[in-house]
Amino acid sequence: MQFHFLFALMLSSAVVRSGAASAINRVDLLSSLAAKPLLLPLLLLTTAAWFVLGNWLWPLLNPDEGRYVGVALEMLLSNRWGTPLLNGMPYFHKPPLFYWLTAASLSLFGQNEFAARLVPALAGLAMVGALFVFVRRFVAPARALTASIILAATPLMFGAAHYANLDLLVAALISTTILCGAGAVLLHQQGQSYLRWVLTMYLFAALGFLAKGLIGFVLPGAVLLCWLIIERRNRAIAILLRIPGIVLFFAIVVPWLLLMQWRYPGFLQYYLVYQQLARFTQGGFNNAMPVWFYLAILLGSMLPWYRRVMLAVFTRGYWRQENHASVRRLMCIWLAVILVFFSIPQSKLVGYILPVLPPLAFLFAEFFPGAARDATIRLPVTGTQAGPAQQRQRNLGVRAAESGHFIARMLLCLVTGIAGLVYLSTAALPGSSRIAKAIRQAPSALGQADRYYSLDFYPFDFGFYMGNNPALTVVSNWADGQVSVKDTWRKELWDAHQFDAENSAYRFALPVAFQRALCVPASDRRWILSDLRRMNDFAEWAKIKPYFTDGRRHIYLLPPGAVMPWCQAVADTLRQ
């Protein structure tokens, strides 16, 4: 964050210079700053601080953060690094890379929100760094710096870096794969060595597969293929299809797939066909949105950077520019391919569109300080009748104003991000953190065991805040035929149960059987978690005083040897 203000200070201070010093325009200042060797480490350090700023100030958000961090924690505590686990059952909705990285973070920094959210912050950092390196190498240092600041400061990017799910990691890997592939082609065009860029492309494509599945290499491949075809570089396709790279890709991807198929027959059908293909081509999944959904998201997210001069993209003159035209076309194709791809399925989430932020940042950067010299884009200058000195002075004034526009937009993004942090850190967010604290602080006898139940809901973050990730028996109508069809938390658990049915049956209970079980004394304490929105099948619980309440979340305690009050009433009725 210090770098953003340092950059703003440097630009704004130049505005007030006069005489000979004022001849150093903003473009020269920005270019000089961007070309310094220490800028990249400074940029990365500042971006890292910005992306982790305050990420420990609010509890995990359900369901996504609780789910994905919970799976990583189970992997860590069970020491079963090959198998993602949800409530102790194999969970194959997503591949393991995010879980591996988050489990490693939890192991290094402890079970806290900072460690839980560190992976998306580092993924965002990698995306910013990759864009900077690529644009500095193949376009210009000033544009690289401007585009990187736009990318890092954009509210959608900032929010994604503070949210513990797979989306930003996937976006970073897709982006770096595209940039490495394009870099290899451009280096070959310049007659330079490119094999390392090709191998790095395959490395990131493989990691993308382990982060999200097929789109990890399909989307980058589609972007690069379309770019090469439109550029009429058909022969360059062979540059990217290198046998060492293909071998590297399969060496990284195949072992985990084969291991899971060997341990859990039917895994490949479920993971590759159902989770990857069916979710894209079929309806019936959650989060159905209209086809224009992502256009609205991007318009809202990039609004701080919008300028009227950007309407030039709809003119022929913009597309006829030859300076860096190949990179510009790459960015436009990248934006179009991914936007169209994710707009096709009915199920849409905001995070899916994150891979288009780097090309958007690049394209927006063309219309800010540094663009005039780097890309032959001419920003409007008023006045036509003036001598050389007057024209030069007028140009300097325009560039000073352009710098001011950029600083104002950057500060607006920073203020928006900080306002979001303040809201999240002060809002009363639902979750299991306070409930888990109440359970941990409850007095208990030495060696006393606890059992945990939830009534028709699954608190994904409960294991994280309990610390020891206890087994949870979920009480619901599991005989309902919609369980295996409707895309809900119940289907997630039920699908996981199918891969280890013999060892996971005790994690499910029907309401009638559960009520009867509570009428039988037990030697352990029984904790029952409930959500007031999900109590339709448990009307009798309204008469029971909860042990602890937290908004709509209630917990009940049944001490050792005790039964529920209604059990005695039932027994008296039977005796009569």
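### Some details on the sheet that holds strand E3 (residues 450-455)
Within the open sheet, the six strands sit side by side as E5-E4-E3-E6-E8-E7. Their pairing is mixed. Every interior strand has two partners, whereas the edge strands, strand E5 (508-509) and strand E7 (548-550), have only one. One ladder, built from five bridges, connects E3 with strand E6 (residues 525-531); its direction is parallel. Bridge assignment links Tyr452 to a residue of E6, and that residue is Trp527. Packed on one face of the sheet, helix H22 (residues 433-441) meets E3, E6, E7 and strand E8 (553-558) and runs near 165 degrees to E7.

### Details of the environment of Phe132
Inspection of the secondary structure puts Phe132 in helix H7 (residues 118-138). Sequence separation of Phe132 and Leu145 is 13 residues, and the distance between their C-alpha atoms is 6.4 Å.

### Digging into the nonpolar core
Counting 160 residues, the largest nonpolar core has Phe134 and Trp305 as the members making the most contacts within it. Each residue touching Trp305, except ones within four places of it in the same chain, is listed here: Ile149, Ile150, Ala153, Thr154, Met310, Phe364, Phe368, Phe406, Arg409, Met410 and Cys413. Judged by nonpolar contacts, the second largest core, of 16 residues, contains Val475, Ala509, Phe538 and Trp566.

### Quick look at the packing of aromatic side chains
In this structure the tally under the stated criterion is 36 aromatic pairs. Relative to Phe138, the ring of Phe134 has its centre 5.0 Å away and its plane inclined at 50 degrees; by these criteria the two rings are tilted. Here the residue Phe134 and the residue Phe138 both occupy positions in helix H7, the gap between them amounting to four residues, near one helical turn. Each member of the pair, Phe134 together with Phe138, is buried. Centre to centre, the rings of Phe217 and Phe249 are 5.2 Å apart; their planes meet at 75 degrees, and the pair counts as edge-to-face. You can see Phe217 sitting in helix H12 (residues 215-230) and its partner Phe249 sitting in helix H14 (residues 243-263), a full 32 residues away along the chain. Taking the relative accessible area as the measure of exposure, Phe217 reaches 32% and is therefore partly exposed. Members of the aromatic cluster, joined through ring pairs, are Phe92, Trp256, Tyr264, Phe267, Tyr270, Tyr271, Tyr274 and Phe499.

What counts and what doesn't
Residues numbered from 1 in each chain as written. Predicted model: local features only at pLDDT ≥ 70, side-chain atom pairs only at ≥ 80, totals over all residues. Heavy atoms only, no water. Pairing = 2+ DSSP bridges. Helix = DSSP H or I, 4+ residues; strand = E, 2+ residues; numbered from the N terminus. Contact = heavy atoms within 4.5 Å. Axes fitted to C-alpha atoms, helices over the stretch in contact; angles between N-to-C directions. Core = buried A, V, L, I, M, F, W, Y, C linked by side-chain atoms within 4.5 Å. Buried < 20%, exposed > 50% of the residue type's maximum accessible area, 1.4 Å probe, protein only. Phe/Tyr/Trp six-rings, centres within 6.5 Å; stacked < 30°, edge-to-face > 60°.

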